[in-house]
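Remarks on the overall topology
Here is how the chains run, residue by residue.
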Amino acid sequence: MEKILILLLVALSVASAAPDPRGLVIHLEEGELCLNSAQCKSKCCHHTSALSLARCAPLASENSECSPKTLYGVYYKCPCERGLTCEADKTITGTITNTNFGVCHDAGRSKQ
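Reading the values: the criteria
Residues numbered from 1 in each chain as written. Predicted model: local features only at pLDDT ≥ 70, side-chain atom pairs only at ≥ 80, totals over all residues. Heavy atoms only, no water. Helix = DSSP H or I, 4+ residues; strand = E, 2+ residues; numbered from the N terminus. Buried < 20%, exposed > 50% of the residue type's maximum accessible area, 1.4 Å probe, protein only. Phe/Tyr/Trp six-rings, centres within 6.5 Å; stacked < 30°, edge-to-face > 60°. Lys NZ or Arg CZ within 6 Å of the ring centre and 35° of its normal. Salt bridge = Lys/Arg side-chain N within 4 Å of Asp/Glu carboxyl O.

With respect to the helices and strands, Ala-54 occurs in the loop between β1 (45-46) and β2 (55-56). The exposure class assigned to Ala-54 is buried, which follows from its relative accessible area of 6%. With 20 residues separating them in the primary sequence, Ala-54 and Cys-34 have C-alpha atoms 5.7 Å apart.

Here's what the structure looks like:
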């Protein structure tokens, strides 16, 4: 119920935003409100708590906290930049409970 209310509030705020020539729902810049990661140029729709509004955010850099995947389309920690891997709990339980945080590492460098 709480998530439905949050999504409704975000949808209303996005719908009431001033029109922009590039569109309201896709290719959103960092800092803009989003409902799903597919809307963001960076492919990361991020929120800091269950009650906060989600905004597009940059992907996690090396040695930054990350989340390997999301079932909901919105992250607490963004996934890693291209070429990096997120070493974290990759179980379905971690994904459902949003406790699957890890750290971005360069896969090529860690094998050497």
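Turning our attention to the packing of aromatic side chains. Under the defined criterion, the tally for this structure stands at 0 aromatic pairs. Positioned over the ring face of Phe-101 is Lys-77, at 5.8 Å from the centre of the ring.

Moving on: the pattern of salt bridges. Under the definition given, this model contains 2 salt bridges. When the shortest N-O distance is used, the salt bridge between Glu-29 and Lys-41 registers 2.6 Å. Residue Glu-29 is located in the loop between α1 (2-15) and β1, and its partner Lys-41 is located in the loop between α1 and β1; the two are separated by 12 residues in the primary sequence. Judged by relative accessible area, Glu-29 falls into the partly exposed class, the value being 35%. The closest approach of N and O atoms between Glu-65 and Lys-77, which form a salt bridge, is 3.0 Å.

The values are spatial; any link to function lies outside them.
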